[in-house]
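Below, each chain spelled out in residue letters.
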Amino acid sequence: PPLIFLITSPYTTPHPSNPIYSASFLTPTSSSSVTGTKGGTQEKLDREGYYQFLLHAGMDMVEHYKYLTPSCNLRNIDVLPPHTISCYVTPSSHYFLLLHPSLSPEITSSFFREIGELFVKHISSGMWLKGRTIESKGFDDRVRAIARRYLS
């Protein structure tokens, strides 16, 4: 299964569960990337839709767990073998969701910590408008570098 990472914002319209950033990463056992609507086969699109469904279902679990723990890192919020969904909630209520094949909590915590630092730098730069999607190539490149470091 691929690794899929989403950032959602409480400020997006029409619905706060719309991602402001999304990235798919290859796992060592994957033979091809899940790329969404960019010219893949119907099977790839079906899998992408399934993975997105799993992540959005995980958002319901976030709503449940975020009030039960004082920590921003909610760790593994849902397990649907072979998939696990981990989540980090920022102090500004942005959700970082990661769909992965059972990574250790230490790895996901380190990944979320570095992504959180990058996210704070990005939104503090003045170039991002609250609730808008993150389309910066530099942000995407840095996220992918962090993912290679921790998730491969």
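Below or above, wherever it landed, is the structure these notes cover.

Parameters and conventions
Residues numbered from 1 in each chain as written. Predicted model: local features only at pLDDT ≥ 70, side-chain atom pairs only at ≥ 80, totals over all residues. Heavy atoms only, no water. Helix = DSSP H or I, 4+ residues; strand = E, 2+ residues; numbered from the N terminus. Buried < 20%, exposed > 50% of the residue type's maximum accessible area, 1.4 Å probe, protein only. Contact = heavy atoms within 4.5 Å. Expected span 1.5 Å × (residues − 1). Pairing = 2+ DSSP bridges. Phe/Tyr/Trp six-rings, centres within 6.5 Å; stacked < 30°, edge-to-face > 60°. Lys NZ or Arg CZ within 6 Å of the ring centre and 35° of its normal. Polar contact = N/O pair within 3.5 Å; in protein donor to acceptor, adjacent residues only side chain to side chain. Core = buried A, V, L, I, M, F, W, Y, C linked by side-chain atoms within 4.5 Å. Axes fitted to C-alpha atoms, helices over the stretch in contact; angles between N-to-C directions. Parallel < 35°, antiparallel > 145°, perpendicular 65-115°, else oblique. Left-handed = near helix turned anticlockwise from the far one by under 90°. Nonpolar A, V, L, I, M, F, W, Y, C, P; charged D, E, K, R; others polar.

### As for the overall build of the chain
Thought 1: Looking only at helices and strands, the chain has three helices and five strands in total.
Thought 2: Of the regular secondary structure in the chain, the N- to C-terminal order runs β-β-α-β-β-β-α-α.
Thought 3: Per-residue burial for the chain yields a buried fraction of 45% across its 152 residues.
Thought 4: Looking at the chain alone, contacts between residues at least 24 apart form 54% of all its contacts between residues at least 6 apart.

### Topic: helix H2 (residues 105–124)
Thought 1: Helix length check: H2, at 20 residues, gives a terminal C-alpha distance of 28 Å against a target of 28 Å (1.5 Å per residue), a fit within 8%.
Thought 2: Buried residues in H2 make contact with strand S1 (3–8), strand S2 (19–25), strand S3 (73–80), strand S4 (83–89), strand S5 (95–100) and helix H3 (137–151).
Thought 3: Gly126 sits one or two residues past H2 and shows a positive phi near 85°.

### Structural notes on the pairing of S2
Successive side chains on a regular strand alternate, one facing one side of the sheet and the next facing the other.
Thought 1: Of all seven residues that make up S2, five are buried, and the element is covered over most of its length.
Thought 2: Two elements, S1 and S2, share six bridges in a ladder whose sense is antiparallel. Pairing of Leu6 across the sheet is with Ser22, part of S2.

### Describing the packing of aromatic side chains
Thought 1: Applying the stated criterion to the full structure yields 11 aromatic pairs.
Thought 2: When the centroid spacing of 5.8 Å and the interplanar angle of 50° are considered together, the rings of Phe111 and Phe112 count as tilted. As far as the burial class goes, Phe111 and Phe112 line up, both buried.
Thought 3: Through a chain of ring-to-ring contacts, the aromatic side chains of Phe5, Tyr21, Tyr88, Phe96, Phe111, Phe112, Phe119, Trp128 and Phe139 assemble into a single cluster.
Thought 4: Sitting above the plane of the Tyr11 ring, Lys130 keeps its charged end 4.6 Å from the centroid.

### Let's talk about the environment of Ser71
Thought 1: Within the secondary structure, Ser71 sits in the loop between helix H1 (42–65) and S3.
Thought 2: Here the alpha-carbon distance between Ser71 and Thr90, two residues 19 residues apart in the chain, equals 9.8 Å.
Thought 3: Polar contacts involving the side chain of Ser71 include one to the main-chain amide nitrogen of Asn73, which spans 3.1 Å.

### Description of the nonpolar core
Thought 1: Counting residues in hydrophobic clusters, the biggest one holds 23 residues, and the most contacted among them are Phe5, Phe111 and Leu151.
Thought 2: Within the residue set of this core, elements represented by two or more residues are S1, S2, S5, H2 and H3.
Thought 3: The greatest single-element share of this core, amounting to six residues, is contributed by H3.
Thought 4: Non-local contacts of Phe5, meaning those with residues more than four positions away in its chain, are made with Tyr21, Ser22, Ala23, Phe25, Phe96, Leu97, Leu98, Phe111, Phe112, Ile115 and Val143.
Thought 5: Counting 15 residues, the second-largest nonpolar core is a separate cluster that includes Leu6, Leu55, Val62 and Leu99.

### Considerations on the packing of H2 against H3
Thought 1: Between H2 and H3, whose axes approach to 10 Å, the crossing angle comes to 165°. Relative to H3, the element H2 lies roughly antiparallel. Of the two elements, H2 crosses H3, and the hand of that crossing is right-handed. Contact residues: Ile107, Ser110, Phe111, Arg113, Glu114, Ile115, Leu118, Phe119 and His122 in H2; Phe139, Arg142, Val143, Ile146, Ala147, Arg149, Tyr150 and Leu151 in H3.
Thought 2: Partitioned by chemical class, the residues of the contact of H2 with H3 number 11 nonpolar, two polar and four charged.

### Structural notes on the pairing of S5
Thought 1: The buried count for S5 comes to six of six residues, which makes it a mostly enclosed element.
Thought 2: Alternating positions in S5 separate into two faces, Tyr95, Leu97 and Leu99 on one and Phe96, Leu98 and His100 on the other, with burial throughout.
Thought 3: Of the pairings in the sheet, the one linking S1 to S5 comprises five bridges and is antiparallel in character. Residue pairing in the sheet places Ile7 in a bridge with Phe96 of S5.
Thought 4: Two strands pair when backbone bridges link them, and S4 and S5 are joined in this way by six bridges, in the antiparallel orientation. Residue pairing in the sheet places Thr84 in a bridge with His100 of S5.
Thought 5: In sequence, S4 turns back onto S5 through a hairpin of five residues, with Ser93 there showing a positive phi of about 70°.

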